[in-house]
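Report on the structure
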Amino acid sequence: MSTVTSKLRLAERMSRLGTESAFEVLVRARELEARGKEIIHLEIGEPDFPTAPHIVEAAARALRDGWTHYGPPAGLPQLRQAIAEDAGARRGIHIDPAEIVVTPGGKPIMFFTILALVDRGDEVLYPNPGFPIYESMIRFVNGRPVPYALPEERDFDVNVDELLGKLTDRTRLIILNSPQNPTGGVMSREQIAALARGLADREVFVLSDEIYNRLIFEGEHTSITQFAGMKERTIILDGFSKTFAMTGWRLGYGIMRPDLARQVALLMTNSNSCTASFAQIAAVEALHGDQSGVDCMREEFRRRRGVIVEGLNKIPGFRCHTPHGAFYVFPNITGTGKSSKALADGLLNEAGVACLSGTAFGDWGEGYLRFSYANSVENIQKALERIGAWVRKNS
Ligand SMILES: Cc1ncc(COP(=O)(O)O)c(C=O)c1O
């Protein structure tokens, strides 16, 4: 092991960078496993299914065919074309390939959009509880994070009147995420329409994180880009991680006006150069090939949702809404009398169930836990028994 003797002096901006504690909980869970404890993983947000064989085969073929070199920073033309067609058809809007930037995962689109649009002191509205990287990136660029709530009593849908009331002359960007992580909430078409109306004469951009758009259990996905005047002020974040169980491939994209796309491509040139070429060839196959795997996965998630919601509602002090999308549940645990963090720690260390404290998604997540149900029904049932037993013993 190397030893360092001098003090590490970091750039000031590093002190403003947050993290995603799902990865930290995973590390702690792995340490417990290394010491012989059996852990059921309900913390990490990735489908537990393998990537479909026809996509894997397309990547292997692409490697053999020599797709092993750099490509254009904004993505291979054939993939940008395929994304434009697929994403446009799914939302009923026209999308041009010049509006697409392919990135290693969907996450860089958050980073790049915020870097490209938010100046010091600019206000950014973001969901709280919400994906922790939003707030981290806003702070990193010296923007001002302005949280908006996702009330449980509204099934975690946004209260658009309240959101609009937070707009000021300094508001630069609004971040939407539907279906939502961590609550599984889905914004209703009415609320999105009301938001589009409210933004009609405002010079505000929207970052619409639609990474879970094909994991909806009731109704259809609505994108704010479907409403008059909104497409040119919206950056859609989407990708292959969740829809096609391809988290480790690192494949995502942004859809935005072409002049902004050129700037985001410049950020790609300055950071990653390009997304892996062979993976992009496989991504074309993911979009053009057999889609039955996506539907099967959604139906399996629906089955598990039923099991986990019913089970959690039987645990004393827990109250769990049925989420309408993604693969997370966000039960209210205030009835246990414990803080979210204390409960999550107790469940991991003593009951062997890894989950996340609601506060991993912002201060307003206090009183909740997040469980990912990307695990087998058998393991979910076992976890429910352990949680129930632990809560009964410790209350
Ligand atoms: C809301 C949300 N947006 C974006 C991402 C990032 O996805 P990717 O793995 O494609 O970078 C995640 C991943 O957990 C997410 O939950």
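Going by the structure above, here's the rest.
Reference entry: report on the structure contained in this document.

Cut-offs applied
Counting restarts for each chain: residues are numbered from 1 in the order of the written sequence. Where local features are concerned, this predicted model is filtered to residues with pLDDT of at least 70; where side-chain atom pairs are given and counted, the filter is 80 or more; whole-chain, interface and lining totals use all residues. Working from all heavy atoms in the structure, the side-chain values ignore hydrogens and water. With a 1 Å grid spanning the protein atoms alone, the term cavity applies to any set of points in which a 1.4 Å probe fits but cannot get out, the term pocket to an open set with protein on both sides within 12 Å along at least five of seven lines, and the term lining residue to any residue with an atom within 4 Å of a point. Grid points are joined across faces, edges and corners, and a volume is the space filled by probe spheres set on the points. Secondary structure elements are defined from DSSP: runs of H or I of at least 4 residues count as helices, runs of E of at least 2 residues count as strands, and each element is numbered from the N terminus. Classes in brief: Ala, Val, Leu, Ile, Met, Phe, Trp, Tyr, Cys and Pro nonpolar; Asp, Glu, Lys and Arg charged; the others, Gly included, polar. One requirement defines pairing of two strands: DSSP has to find at least two bridges between them. Contacts were defined at the residue level, with two residues in contact if any of their heavy atoms lie within 4.5 Å. Lines fitted to C-alpha atoms define the axes, with helix axes restricted to the stretch in contact, and inter-axis angles between N-to-C directions lie between 0 and 180 degrees.

**Regarding empty space enclosed by the protein**
Scanning the entire structure with this criterion turns up 4 cavities of 30 Å³ or more. Here the largest cavity defines a volume of roughly 80 Å³. Taken together, 13 residues line the largest cavity, and the ones lying closest to its centre are Asp86, Asn213, Arg214, Asp238 and Tyr253. Secondary structure elements with two or more residues in the lining of the largest cavity: helix H3 (77–91) and strand S7 (234–239). If one sorts the elements of the lining of the largest cavity by residue count, H3 sits on top with 4 residues. Across the lining of the largest cavity, the residue classes tally to 5 nonpolar, 3 polar and 5 charged. Of the voids in this model, the second largest cavity is the one considered here, and its volume is about 60 Å³. Looking at the lining of the second largest cavity, its residues break down into 4 nonpolar, 6 polar and 1 charged.

**Details of the sheet that holds strand S11 (residues 356–357)**
Taken in spatial order, the 3 strands make up an open sheet running S9-S12-S11, and their pairing is antiparallel. The outermost strands of the open sheet, each flanked by one partner alone, are strand S9 (328–329) and S11. By the bridge criterion, 2 bridges tie S9 to strand S12 (residues 369–372) in an arrangement that is antiparallel. When the sheet's bridge partners are listed, Tyr328 is paired in S12 with Ser372. Strands S11 and S12 of the sheet are contacted by helix H11 (residues 340–351), whose axis makes an angle of about 40° with S12.

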